[in-house]
Amino acid sequence: MNLPLPPTTNTRLKRPELLSPAGSLKAMRTAFAYGADAIYAGLPRYSLRVRNNEFSLENLALGIAEAQRQHKRFYVVVNLMPHNAKIQDLIKNMAPVVALKPDALIVADPGVIYLLREAFPDMPLHLSVQANTMNWAAVKFWQAQGISRIILSRELGLNEIAEIKQRCPDMELEVFVHGALCMAYSGRCLISNYMDKRDPNQGACTNACRWSYDVCDKSSSAQEASGCASHTDYKTLAVTAADDPHSHYLLEEDEHGSYLFNSKDLRAVALVEKLAAIGVDSLKIEGRTKSPYYVGRTAQVYRRAIDDAVAGKPFDNNLLRELDGMANRGYTEGFLRRHQQQNLQNYERNFSVGLQQVVGEVIDRTATGQLIIDVKNRFSVGDACVLMTPVGNINFTLEKIYHLQGQPITVAPGSGHIVCIELPAPLQANLLQALDQHLLASVMLIKDGN
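Rules used throughout
- Residues numbered from 1 in each chain as written.
- Predicted model: local features only at pLDDT ≥ 70, side-chain atom pairs only at ≥ 80, totals over all residues.
- Heavy atoms only, no water.
- Helix = DSSP H or I, 4+ residues; strand = E, 2+ residues; numbered from the N terminus.
- Pairing = 2+ DSSP bridges.
- Salt bridge = Lys/Arg side-chain N within 4 Å of Asp/Glu carboxyl O.
- Buried < 20%, exposed > 50% of the residue type's maximum accessible area, 1.4 Å probe, protein only.
- Arc of directions from axis to C-beta.
- Contact = heavy atoms within 4.5 Å.
- Polar contact = N/O pair within 3.5 Å; in protein donor to acceptor, adjacent residues only side chain to side chain.
- 1 Å grid on protein atoms, 1.4 Å probe; cavity = no way out; pocket = protein on both sides within 12 Å on 5 of 7 lines; lining within 4 Å.
- Points joined across faces, edges and corners; volume = space filled by probe spheres on them.
- Axes fitted to C-alpha atoms, helices over the stretch in contact; angles between N-to-C directions.
- Parallel < 35°, antiparallel > 145°, perpendicular 65-115°, else oblique.
- Left-handed = near helix turned anticlockwise from the far one by under 90°.

(A) View of unusual backbone geometry. One non-glycine residue, His-71, adopts positive backbone phi at about 60 degrees. On the secondary structure map, His-71 appears in the loop between α2 (57-69) and β3 (73-78).

This is the structure in structure tokens:
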């Protein structure tokens with residue numbers, strides 16, 4: 001039987017770590033500016049993120065050094081399930097990474113753990129969600145192998161997490177609270193490998209679970225391809241694949257039609273207080289391939305949720321609305337609250353939608369206080385905007401845009417342009433007082449579609 005959840009009225013909760021993703025140095029810097037205590041990143045070859053990953057060994061060295069100067073933590077991900085070819089040179093390739101002194105390595109495969117523990121006995125190891133740790137006995141097993149933190153499976157409920165913490169009080173626990181969910185036990189999906197020959201467990205997932213699937217009568221060619229020509233009553237799914245748009249795969253017809261595997265995104269910001277009361281040590285945001293805006297915005301919102309929970313303040317429903325503005329596939333709390341009425345799947349669309357759009361990044365300011373904007377998307381005089389900053393967000397109506405040479409314009413046409421904007425005078429004065437040059441580099445201009 002699961003042990004009961006601890007009460008959540010305690011105003012002296014332990015403050016959990018806020019752990020953000022980073023696929024680049026810019027994303028790392030943005031995460032730290034907006035309140036993350038730690039980030040996780042890794043080399044493409046070993047960290048399940050081959051695409052949109054800028055962390056070479058050189059960038060890892062820069063990132064770890066910057067984190068150390070800011071008294072932040074940097075975890076290096078080594079969580080692939082390697083074939084023999086990759087295991088041969090693992091230790092040789094990880095030696096220079098370990099020499100950089102990251103705060104821990106995130107690992108999943110027992111062979112990798114064995115080799116790393118033998119070669120680098122003093123390096124802390126965190127067990128990846130890829131290991132699918134589901135119960136307290138598994139936690140105790142991994143603790144005996146020298147693991148210092150367990151990233152628990154996403155398939156656990158709050159009561160199960162509480163029981164694990166109570167039975168294993170001296171093991172650090174990490175829980176995902178935001179980001180994409182996988183159509184498999186915490187990332188062990190094989191759909192991409194089966195359909196497109198790209199292995200998710202080697203970092204090359206094509207997100208086949210997001211594709212559009214259409215139910216159709218089985219053609220004779222599809223019958224022959226599947227080897228089930230005698231079963232003429234079968235329905236199949238015609239899959240639009242990158243390399244074979246006419247492929248057919250046997251699958252039971254679903255009443256909803258398209259996007260059969262398309263999970264909504266995890267959002268557990270309303271459960272931060274409960275997770276802190278349980279004693280969870282780290283709250284983790286998914287998204288190493290996401291933009292610096294995503295990293296900064298989620299860090300900002302979850303930072304406030306954690307600080308409010310620790311201070312004993314009630315949950316602020318505005319945090320839900322702020323996350324609603326970001327691009328998302330719809331939100332769910334996943335398995336954390338088992339009996340909530342919620343639809344985990346988005347059957348209608350596979351793309352993300354949001355009410356807000358990043359239209360520019362601040363790259364400097366003029367001598368007179370105007371902000372110099374690297375334009376990312378079109379915006380105009382009269383738009384309702386949000387200036388997202390590490391010291392607070394500013395809502396305002398955009399009144400003036402200028403060319404760099406000073407001529408007024410009414411529209412910033414889109415990516416590739418540099419313009420200046422002017423905030424209302426009181427806002428501008430307050431902002432310039434609060435932001436130094438370091439923080440200014442993380443300021444973004446958002447067009448608000450609310």
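(B) Examining the sheet that holds strand β17 (residues 384-388) more closely. The strand order across the open sheet built from eight strands is β18-β17-β23-β14-β15-β22-β19-β20, with neighbouring strands paired in antiparallel fashion. Whereas interior strands pair on both sides, the edge strands pair on one side only; in this sheet they are β18 (394-397) and β20 (408-409). Bridging between strand β14 (residues 356-365) and strand β15 (residues 371-375) involves five bridges; their strand directions are antiparallel. Paired with Arg-365 across the two strands is Leu-371, which belongs to β15.

(C) Focus on the pattern of salt bridges. The full count for this structure, using the stated rule, is 23 salt bridges. Across the pair Arg-149 and Glu-17 runs a salt bridge, and its minimum N-O distance is 2.9 Å. One end of the pair, Arg-149, is in strand β6 (residues 149-151); the other, Glu-17, is in strand β1 (residues 17-21), with 132 residues separating them in the sequence. Relative accessible area serves as the criterion here: at 6%, Glu-17 is assigned to the buried category. Close ionic contact of Glu-361 with Lys-26 constitutes a salt bridge, the shortest N to O distance being 2.3 Å. Here Glu-361 is found in strand β14, whereas its partner Lys-26 is found in helix α1 (residues 25-33), with 335 residues between them in sequence. Look at the salt bridges and you will find they share partners, linking Glu-17, Arg-73, Arg-149, Glu-172, Glu-174 and Lys-284 into a network.

(D) A look at helix α5 (residues 110-119). The set of residues buried in α5 consists of Val-112, Ile-113 and Leu-116. Projected down its long axis, α5 shows its buried positions confined to an angular sector of 100 degrees, all on one face. Residues Pro-110, Tyr-114 and Glu-118 are exposed on α5 and point more than 90 degrees away from its buried face. Elements in contact with the buried residues of α5: β3, α3 (84-87), α4 (90-99), β4 (104-107), β5 (125-127) and α6 (136-144). For α5, the N-terminal capping position is held by Asp-109, with its side-chain oxygen 2.9 Å away from the main-chain nitrogen of Gly-111.

(E) The arrangement of the layout of surface pockets in detail. Taken as a whole, the second largest pocket spans an internal volume of roughly 230 Å³. Along its surface, the second largest pocket is lined by 16 residues, and Lys-26, Arg-29, His-438, Ala-441 and Ser-442 are the ones closest to its centre. For the lining of the second largest pocket, the elements supplying multiple residues, two or more each, are α1, β14 and α14 (437-440).

(F) Spotlight on the packing of α6 against helix α7 (residues 158-167). Relative orientation of the contacting elements α6 and α7 amounts to 40 degrees, with a least axis distance of 9 Å. Judged by the angle between their axes, α6 and α7 are oblique. You can see that α6 and α7 cross each other, and the crossing is right-handed. Taken together, the residues of α7 that come into contact with α6 (itself represented by Trp-136, Val-139 and Lys-140) are Glu-163, Ile-164 and Arg-167.

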